[in-house]
Each structure stands twice: as C-alpha cells, then as structure tokens.
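# A look at the structure
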Amino acid sequence: MYKNKTNLIGLVIPDISHPFFSKIVKFIERDLYLKDYKMILCNATENSEKEKEYLTMLQENKVDGIIIGSHTLETEFYTKIRSPIVALDRYLSDSIPVISSNHAQGGRLAAEKLIENGCKNVLQVVGSRKVDTPSNERHDDFEKMMKENGIQCNSVELEWNKFSFSDYEIVSKYILEEYPDVDGIFSVDLVASSIIKYAQKKNIQIPEDLKVVGYDGTDISQIVNPSITTIRQPFELISSSTVDILDRLIKKEKDIPIKNIFDVQLIEGETTL
C-alpha cells in the first residue's frame, strides 16, 4: 500500500481570495512539500455542488489524503470519504482530527482589550451558526465576559459562506447605521477593515469614538490605516500540525489526537488606546 502512494494531497477551501485562507494555503503547501507531498488546491467558492465534485475528483485520483477547510456540506458527507481526512477549524465527526486555534482564549483577549479601553456598548460580528466550528467559542466567551462586566453586547451574524469584501461592506453600513451608539467592535480582520472604511466616511474617529479589535492577524490588519489591534491565529503551527497529523493518518499510525488546539496572541494596533 505504501508503494501505491501518489504523494498528492487535496486541500479544499471556500475562497482563496480571503486573507485567512490564502495565508493558511501558503504554509500548508510549504509544509506538504517538506514531507514530499504535492498539493491539489480546490477552491469551492461558496458552492456545495462544486465542493462535492472536487471531493469526488480527489478520491478518483486516489490522493493520499484530504484537508477540509470548507464549510459547504453536511458533516455526514465527509464521514463517507475513504481517504484520510484532517479538518481545519470544523467538527466533522468524533473520528476526524480537527486543527484549530484557541478561540475561547481569543474571545477573552478581545473582550479584555475593549473593557480596558472603557467600552460600554460593544458589538461583535459572528460567523454563521449553521456551521459547527470551534471558532464559535470565541464569540461565546466574548459575550460572557461582557455580561460579567455589565457591558451591553450585541451580535450581528454573517450570512452562511459569505467571504467577499463587498458582502462585508453591506454589513459594515448596516452596523454603523443601526447601532450608532456602539463604541467597540470585535470581528475578523477583513470585516474590521470594512468597518473602519465606512466609519471614516461617517467621520467617526478611531480609536477616540470607536474601538476595533480584529481577529486572524492577517496582513490586512497592518496594511489598513489605522492598523488594527487584532488576535493573531498561529498560522504556522496550524499548518505544520495539519500536515503532520495527516501524514500520520496516511501511515496508519495509532494514538493520533482528535482535537489539536493552539494559543492565539493579541497584536497591538492603532484601533485601540
């Protein structure tokens, strides 16, 4: 069986243009190459039928393993796949290893920063709750800390599988029009950058009038002006762990951990005091 290896690994993601996915793809490709694997990148572009076709193609071409970073299909579909699988930031089954950041820690760090900045009316932008992902934990812990400190906390949920900047511009306008008294916002970096852009159009001063904490720690958090205070996910550790565990599955090793969680880090920017 070992001699029948193709040394090909399929990576399925929802949108390569999104900063988080483009960054993680970069590291995964590098780490696969270091273990003598070649990567087949499948960009599902928010389309469940397209993802099904890609997964069928990967199995027909007998890839050695598959990394799932997309969220378009029901979990039952993935459990029927014969190839070894590792999931990026999504719970697929009790037997499929998942790699994720310590999102609960990230939510607490973001809450602490906004509390420290004196915010009294905050809002967080959350991903679709339709997806069973560890990332939901950051929103739970963020909201919990705000309530414990007597701070008003609203949540705006994004539509399922929407990753484009144009979608986020619509959300940003809605937030700042519907919640004019908000003084602190927590969201992923790309949404945060869109909120900052719209806030500047409305002459809302950041960080004087509005504090913003991002999440991911992608390059965009440093490119925008002002630079975003953000919670950085450990891209390198996520990637190396994903590749290492998939390699162990391919080699049929035992005692492979199912949950693999890595700490995050607060990076100070100019959107908080």
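Scope of this entry: the structure provided in the associated data block. Everything quoted here is computed from the prediction, not taken from an experiment.

All right, on to the packing of helix α1 (residues 19-34) against helix α9 (residues 235-250) then. Packed helices, taken two at a time, are described by the angle between their axes plus the distance between the axes. Following both chains from N to C, one finds α1 and α9 inclined at 45 degrees, their axes separated by 9 Å at the closest point. Relative to α9, the element α1 is oriented oblique. Read as a crossing pair, α1 and α9 show a hand that is right-handed. In this structure, α1 uses Phe20, Lys23, Ile24, Phe27, Ile28, Asp31 and Leu32 to contact α9, whose residues at the interface are Phe235, Glu236, Ile238, Ser239, Ser240 and Val243. Partitioned by chemical class, the residues of the contact of α1 with α9 number eight nonpolar, two polar and three charged.

On to the pattern of salt bridges. Using the criterion set out here, one finds 13 salt bridges in the structure. Here lysine 35 and aspartate 247 are joined by a salt bridge, their closest N and O atoms 3.9 Å apart. Linking lysine 35 in the loop between α1 and β2 (38-43) with aspartate 247 in helix α9, this pair joins segments that are 212 residues apart in sequence. For the salt bridge of glutamate 143 with lysine 147, the shortest nitrogen-to-oxygen distance reads 3.4 Å. Placement of the pair is glutamate 143 and lysine 147 together in helix α5 (residues 136-148), with a separation of four residues, close to one helical turn. Classification of glutamate 143 as partly exposed rests on a relative accessible area of 24%.

Right, let's get into the pairing of strand β10 (residues 229-232). Along any regular strand, the residues point their side chains to alternate faces of the sheet. Sheet topology places strand β9 (residues 211-216) next to β10; four bridges connect them, and they run parallel. Counted as the bridge partner of aspartate 216 is arginine 232 from β10. The pairing of β10 with strand β12 (residues 265-267) spans three bridges and is antiparallel. Bridge pairing in β12 links arginine 232 to glutamine 265.

As for its position among the elements, glycine 150 is in the loop between α5 and β7 (152-157). For glycine 150, a relative accessible area of 69% puts it in the exposed group. Along the primary structure glycine 150 and asparagine 121 are separated by 29 residues, whereas in three dimensions their C-alpha atoms are 9.7 Å apart.

Pairing in this open sheet of six strands is mixed, and the strands run β7-β6-β8-β9-β10-β12 from one edge to the other. The sheet is open, and its two edges are formed by β7 and β12, each paired on a single side. The average undirected angle you get between the axes of adjacent strands in this sheet is 20 degrees.

Take the sheet that holds strand β1 (residues 8-13) next. Remark on secondary structure: sheet strands pair via backbone hydrogen bonds, oriented parallel or antiparallel. An order of β2-β1-β3-β4-β5-β11 is seen for the six strands of this open sheet, with the pairing classed as parallel. Only two strands of the sheet have a single neighbouring strand rather than two, namely β2 and β11 (259-262). For this sheet, the mean inter-axis angle between neighbouring strands, taken without regard to orientation, is 20 degrees. In this sheet, strand β5 (residues 98-101) lies alongside strand β4 (residues 85-88) in parallel orientation, the contact comprising two bridges. Its bridge partner lying in β5, alanine 87 is registered against valine 98. Strand contacts of α1: β1, β2, β3 (65-68) and β4, with the helix running at about 160 degrees to β2, the strand carrying the most contacts. Across the sheet, α9 lies against β1, β3, β4, β5 and β11, angled at about 160 degrees from β4, the strand it touches most.

About the criteria used
Residues numbered from 1 in each chain as written. Predicted model: local features only at pLDDT ≥ 70, side-chain atom pairs only at ≥ 80, totals over all residues. Heavy atoms only, no water. Axes fitted to C-alpha atoms, helices over the stretch in contact; angles between N-to-C directions. Helix = DSSP H or I, 4+ residues; strand = E, 2+ residues; numbered from the N terminus. Parallel < 35°, antiparallel > 145°, perpendicular 65-115°, else oblique. Left-handed = near helix turned anticlockwise from the far one by under 90°. Contact = heavy atoms within 4.5 Å. Nonpolar A, V, L, I, M, F, W, Y, C, P; charged D, E, K, R; others polar. Salt bridge = Lys/Arg side-chain N within 4 Å of Asp/Glu carboxyl O. Buried < 20%, exposed > 50% of the residue type's maximum accessible area, 1.4 Å probe, protein only. Pairing = 2+ DSSP bridges.

Such coordinate-based values are descriptive only and should not be taken to indicate function.
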